[in-house]
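# Observations on the three-dimensional arrangement
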Amino acid sequence: CIPATNSLGSRLSGPAGRPGSWPRPFAAATFAAVVGAKRRFAVGSMAKEDPHLWLEEVSGEKCLHWAKEKNDVTLKKFGQPEETKMYAKILEILESKDKIAYVKKMGDFYYNFWQDADHVKGIWRRCTLEEYKKAPLEVNWELVLDLDALSKAEGQSWVWHSPKFIDLGPDEPKDICLLHLSPGGSDAEVIREFNVEKKDFVPEESGGFTIEECKSGVSFKSRDVLLVGTNTGADGDMTDSGYPCQVREWTRGQALKDAPITFHGKTTDVVSYSDRYFDRGVFHESRGRAITFYTSQYTWLHEGQWKTVDVPEDMNVSTFGDRFQFQLRSAWEVAGRSFAQGSLLSISIDSFFNGDLGKMDVLFAPTASESLEDSCGTRNFLVLSILEDVKTKLMFWEYKEGSWINRGELGLGMESCSLAAVEEEHSDELWVTVFGYTRPSSLFLMTVEDLCAGKLPSMQPLKTLPSFFKSDDIEVQQYFATSLDGTKVPYFQLSKKGLACDGSNPTLLYGYGGFEISLTPLYSAARGVAWLEHGGVWIDANIRGGGEYGPRWHQAALKANRNKAFEDFEAVAEDLLKRRVTSRAMLAVEGGSNGGLLVGNMLVREKRELLGAVVCQVPLLDMKRFSQLLAGASWMGEYGDPSTSDWDEFLHQYSPYHLLKEDSTYPSALFMTSTKDDRVHPGHARKMVAKLLEHPTAKENTFYYENIEGGHGGAADNKQRAFMQVVRYSFLWRTLMNEKLPESLKELL
């Protein structure tokens, strides 16, 4: 699962995927799209016990009328966002032409997707490196595709997802790609072949590839052949999770439904996939079954034969040239050696299939405080991003003459670093983006040699994001809370310098705690202008279920142990009260997606008395039916299977929808979702709100906003993003401060 971060820096992490490409490795990513999961239960059998089941009809006229009514109530209470100066300020940031235009090199050009006030849907453009090095307003961009014009011409609200370029080796042109476009922002995509030389789609009548709206996976096998998993209407095309179950080899000019099936998994899997790609001089072709979110089986084409990659199913498998890279989610004993959970191993593919497993190299072994967060490869180097008590450092490995050479480490403290190879087949250059809670992003173009030589601090960045809020008087501190079982739980605190610990500070406690996703320092302009500048305190809680300390930290809160994540979150809340950072009436919690499940439980657990407000975004809340709704079946590896004894044994204990009680009181809550969210069903939020609005006391302080577009990220364009930000911050300020806004906020809200 990978975190989604919008352009304001707001995390809406969740059961997410890498849209439009087969995974390499699949790991815990799922494909973004929706076809509708097969039902495990008959809807009729649930109707009697769930009077709000009708709210699961995503686009039903009655449901949308209900949602609009609730939207109106919320806006009447907290104001129309477009009429506020805060909306104008956030929108100005989002549409600033001073933002960093991040690029990806394909062929001779550097491509960028851009949105601003003049390009609401966005434009896809390109330039040369010489041009890119100029000041932002001086770059001579060449237009490749205007998404606003395309949307107008086709009468469709297209939302950009990603292009997948053909990659047949370094000497072959990268002149065609598969564009992934989403209608209205849903995960479901339409995939269309595009010629970047002609700057136009390849017409179907000329043999152009087009895949209709679906949760599809696709990879080029050759210029005229695709490996495709999608819904053709045939039996067995899709899994119970709504992702591809079969892979077809589709030849140009052939009807997709007639393309032969070359690989298939089981409908109970999450997804089946196939991929062919070029990696540092080596062509790879692989097939895989993601059995659950965390377990997979791989086969590889090696010396003309399909061979099973015989490793534990919870291991992530990827490549670096002619080598396998294995990331361990559990301890592994092989060839007389023991490798710790969370390790990264490397072995030549030939040695692996010859059974010579004693040649395994260890590139990373975790410690009690260190875990592997990410990695980035160039032509000759592998750079590891490591978290040490949630602070980033880099480790460098050079691959030379068939051996790995350790080139040292570089610490970054409480700042984060994102790495991307400029052109991994040809060079050791990197795009290095450094950012932190108070440091706007700075983009550097440098070699790995320079980076590991410690030259980063003395280098001038190629691009720098302006400081969109006053950060000079904001300080970042790290603390540790003690959870119920004695576990030390780290958290970051952002506040004004010299914070008075007298219990008077409005504080927002943010958490996620799932899918091995880490909350690391992140620059957020919206958080700065809407919260921190006015005396608000922000907390990022690194609770179990996340990836801050590797697989062990995540697995500690899986399934029956989900309560550990909730207890950690409560421990952080109690520590804030103990330190008198805030008081109960001034403490709010927020989370989205899996984080929505977290704060949904905070709303109904006994320690809800700690809280003054809850913001619950695109949440899972009905854990009895989650596996039947959209992509929900793919997350049973995280939560459990409610159609089994899991429901009675533990799932019912953290299903907020089922834990509401008439004789209990609940803090004020705002639920936010999107009609177009086809990953986490909007029915979760709708039904929870409907139930709360029937509650004798909660009905007075429960609010709801549903965006008609936007998908799992909540918004489809900058205006929607700014709108949604103002809705949540207006709710928080007016609720926690009981309408007594700080002077600096009165003119903004």
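The following paragraphs examine the structure supplied in this document. (Residues numbered from 1 in each chain as written. Predicted model: local features only at pLDDT ≥ 70, side-chain atom pairs only at ≥ 80, totals over all residues. Heavy atoms only, no water.)

Counting its regular elements, the protein chain contains 17 helices and 39 strands. On C-alpha atoms alone, the protein chain measures out to a radius of gyration of 25 Å, which is about the 27 Å that the 2.2 N^0.38 rule sets for 749 residues. When its C-alpha atoms are laid out on the principal axes, the protein chain stretches across 70 × 65 × 60 Å. Out of the 749 residues in the protein chain, the part that is buried amounts to 62%. Pairs at least 24 residues apart make up 60% of the contacts formed inside the protein chain by residues separated by at least 6 positions. Split by element, the accessible area of the protein chain, about 27,700 Å² in all, is 47% carbon and sulfur. One finds the centroid of the 85 positive side-chain charges in the protein chain at a distance of 3 Å from the centroid of its 105 negative side-chain charges. (Helix = DSSP H or I, 4+ residues; strand = E, 2+ residues; numbered from the N terminus. Rg over C-alpha atoms; globule rule 2.2 N^0.38 Å. Buried < 20%, exposed > 50% of the residue type's maximum accessible area, 1.4 Å probe, protein only. Contact = heavy atoms within 4.5 Å. Areas by Shrake-Rupley, 256 points an atom, 1.4 Å probe, with all protein chains shown as cover. Lys, Arg positive; Asp, Glu negative; His and termini not counted. Charge placed at Lys NZ, Arg CZ, Asp CG, Glu CD.)

Pairing within the open sheet is antiparallel, and its four strands lie in the order E18-E19-E22-E23. Two strands in the sheet have a free side with no partner beyond their single neighbour: strand E18 (316–320) and strand E23 (361–364). Averaged over all pairs of adjacent strands, the angle between their axes in this sheet comes to 30 degrees, without regard to strand direction. Across five bridges, strand E19 (residues 323–327) lies against strand E22 (residues 344–348) in antiparallel orientation. Bridge pairing in E22 links Gln-327 to Leu-344. (Pairing = 2+ DSSP bridges. Axes fitted to C-alpha atoms, helices over the stretch in contact; angles between N-to-C directions.)

On to the environment of Phe-731, then. As for its position among the elements, Phe-731 is in helix H16 (residues 718–736). Assessed through its relative accessible area of 0%, Phe-731 is described here as buried. Along the sequence, Phe-731 and Ser-668 sit 63 residues apart, while their C-alpha atoms lie 9.4 Å from each other. Not counting the four nearest positions on each side in its chain, Phe-731 is found in contact with Phe-78, Ala-613, Val-614, Val-615, Ser-668, Ala-669, Leu-670 and Phe-703.

Looking now at the sheet that holds strand E4 (residues 142–146). Taken in spatial order, the four strands of this open sheet run E1-E2-E3-E4, and their pairing is antiparallel. Since the sheet does not close on itself, it has two edges, and those belong to strand E1 (104–106) and E4, each with one partner. Across the sheet, the mean angle from the axis of one strand to that of its neighbour is 35 degrees, orientation sign disregarded. Relative to strand E2 (residues 109–116), E1 runs antiparallel, the two being bridged by three bridges. Bridge assignment links Lys-105 to a residue of E2, and that residue is Tyr-110. Along the sheet, helix H5 (residues 147–154) contacts E2, strand E3 (119–127) and E4; its crossing angle with E3, the most-contacted strand, is approximately 125 degrees.

As for its position among the elements, Glu-638 is in helix H12 (residues 636–639). Looking at Glu-638, its side chain comes within polar contact range of the side chain of His-554, at 2.8 Å. In this view, Glu-638 contacts Tyr-294, Gly-514, Phe-515, His-554, Leu-558, Lys-559 and Arg-562; residues no more than four positions away in its chain are not counted. (Polar contact = N/O pair within 3.5 Å; in protein donor to acceptor, adjacent residues only side chain to side chain.)

Here we come to unusual backbone geometry. Positive phi, close to 60 degrees, is recorded for Glu-516, a residue that is not glycine. As for its placement among the helices and strands, Glu-516 is situated in the loop between strand E34 (507–510) and helix H8 (525–530). Its relative accessible area of 23% is what places Glu-516 among the partly exposed residues. With a phi close to 50 degrees, Leu-630 is a non-glycine residue in the positive phi region. Among the secondary structure elements, Leu-630 is positioned in the loop between strand E37 (613–617) and H12. Using a relative accessible area of 12% as the deciding quantity, one classes Leu-630 as buried.

Two quantities define a packed helix pair, namely the angle between the axes and the distance from one axis to the other. Remark: helix H2 (residues 61–78) packs on helix H15 (residues 683–692), axes separated minimally by 12 Å, with the N-to-C direction vectors making an angle of 60 degrees. Accordingly, the angle class assigned to the pair H2 and H15 is oblique. Between H2 and H15 the crossing geometry is left-handed. Contacts between H2 and H15 pair Cys-63, Leu-64 and Trp-66 from the former with Arg-686, Val-689 and Ala-690 from the latter. Residues belonging to the contact of H2 with H15 are distributed by class as follows: five nonpolar, no polar and one charged. (Parallel < 35°, antiparallel > 145°, perpendicular 65-115°, else oblique. Left-handed = near helix turned anticlockwise from the far one by under 90°. Nonpolar A, V, L, I, M, F, W, Y, C, P; charged D, E, K, R; others polar.)

Our focus in this paragraph is the packing of aromatic side chains. Under the criterion given, the structure shown has 40 aromatic pairs. Ring geometry for Trp-332 against Phe-339: centres 6.3 Å apart, planes inclined by 45 degrees, an arrangement best described as tilted. Each member of the pair, Trp-332 together with Phe-339, is buried. Members of the aromatic cluster, connected to one another through ring pairs, are Tyr-111, Phe-113, Trp-124, Trp-160, Phe-165, Phe-194 and Phe-201. Against the face of Tyr-729 rests Arg-728, its NZ or CZ located 4.5 Å from the ring centre. (Phe/Tyr/Trp six-rings, centres within 6.5 Å; stacked < 30°, edge-to-face > 60°. Lys NZ or Arg CZ within 6 Å of the ring centre and 35° of its normal.)

Another point: helix H10 (residues 563–578). For H10, built from 16 residues, the straight-helix expectation of 22 Å at 1.5 Å per residue is met to within 8% by its first-to-last C-alpha distance of 22 Å. Within H10, 12 of the 16 residues are buried, leaving the element largely enclosed by the surrounding structure. All buried positions along H10 are accounted for by Ala-565, Phe-566, Glu-567, Asp-568, Phe-569, Glu-570, Ala-571, Val-572, Ala-573, Asp-575, Leu-576 and Leu-577. In this structure, the buried side of H10 is in contact with strand E32 (474–482), strand E33 (488–496), E34, strand E35 (537–541), strand E36 (587–592) and helix H11 (594–604). Backbone geometry just downstream of H10 places Arg-580 in the positive-phi region, at approximately 60 degrees. (Expected span 1.5 Å × (residues − 1).)

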